[in-house]
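Residue-level structure breakdown
The lines below spell out each chain.
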Amino acid sequence: VRVICMNCGQWSAVYQIKNLPENLSCKKCGARLLTIVKEGLKTEKIIGKYFRKGKLTQEEKEKLQKLFNLASLYLTYGKKAVIAYSVRGIGLDTLKRILSKYYRDENEFFEELYNAQREFLKKRKFWKI
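To start, this report covers the structure provided alongside it. (Residues numbered from 1 in each chain as written. Predicted model: local features only at pLDDT ≥ 70, side-chain atom pairs only at ≥ 80, totals over all residues. Heavy atoms only, no water.)

1. Observations regarding helix 2 (residues 58–77)
- Look at helix 2: 29 Å from first C-alpha to last across 20 residues, which is about the 28 Å you get at 1.5 Å a residue.
- Those residues of helix 2 hidden inside the fold are in contact with strand 3 (34–37), helix 1 (41–51), helix 3 (79–85) and helix 4 (92–100).
- Of the residues trailing helix 2, Gly78 is marked for its positive phi of about 65 degrees. (Helix = DSSP H or I, 4+ residues; strand = E, 2+ residues; numbered from the N terminus. Expected span 1.5 Å × (residues − 1). Contact = heavy atoms within 4.5 Å.)

2. Concerning the pairing of strand 1 (residues 2–5)
- Note: strand 1 against strand 2 (residues 12–14), 3 bridges, orientation antiparallel. Bridge pairing links Arg2 to Val14 in strand 2.
- The turn linking strand 1 back onto strand 2 is made up of 6 residues, and Gly9 within it adopts a positive phi angle of 75 degrees.
- Bridge count for strand 1 against strand 3 is 4 bridges, and the pairing is antiparallel. Bridge pairing links Arg2 to Val37 in strand 3. (Pairing = 2+ DSSP bridges.)

3. Remarks on the packing of aromatic side chains
- Within the structure shown, the criterion is met by 4 aromatic pairs.
- For the pair Tyr50 and Phe68, a centre-to-centre distance of 5.7 Å together with 75 degrees between the ring planes defines the contact as edge-to-face. Residue Tyr50 is found in helix 1, and its partner Phe68 is found in helix 2; the two are separated by 18 residues along the sequence.
- Phe68 sits in the partly exposed class, given a relative accessible area of 23%.
- Look at Tyr103 and Phe109: their rings are 5.5 Å apart centre to centre, the planes differ by 70 degrees, and that puts the pair in the edge-to-face class.
- Look at Tyr103 and you get buried, because its relative accessible area is 10%.
- Cluster of aromatic residues (ring-pair linked, three or more members): Tyr50, Phe51 and Phe68. (Phe/Tyr/Trp six-rings, centres within 6.5 Å; stacked < 30°, edge-to-face > 60°. Buried < 20%, exposed > 50% of the residue type's maximum accessible area, 1.4 Å probe, protein only.)

The following block contains the structure:
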C-alpha cells in the first residue's frame, strides 16, 4: 500500500500492510495527515498538481476530496483503516460504515470485512461496467 502526505505532498512511501508502522508520519514535515492510495501515478499527479496550485478538473477535485477523506480516516483509525480499505470492493462509504462500528475483537472486525467483500461480489454482476 502507498501512503502520501496530504500536508506537504512531498513525501510518499510504499509498505506492506504487515510492516506498516502504527504511528506513521511524514518524513519531510512530520504531519500525520497521510492518505492511502490504491492506484498509482494518476493519483500522485493529481496531488502534485494540487500542491503546485494547478487548475484541477471537476473529476480531479472529486478524487482529491476522496483522498482527504481517506487521510482523515487514517488519522483517526490508523492501520485499521488501511487494512479495511485494502479489501476488494470496499470504497469510501463502506469504509466509513465499517470503521464507525464497535468490535469486541479483531475477529469481528475481519468478519465484517469479509461480509462487505462478499456483498460486493454478489452485487457487482448487476452493475454496468
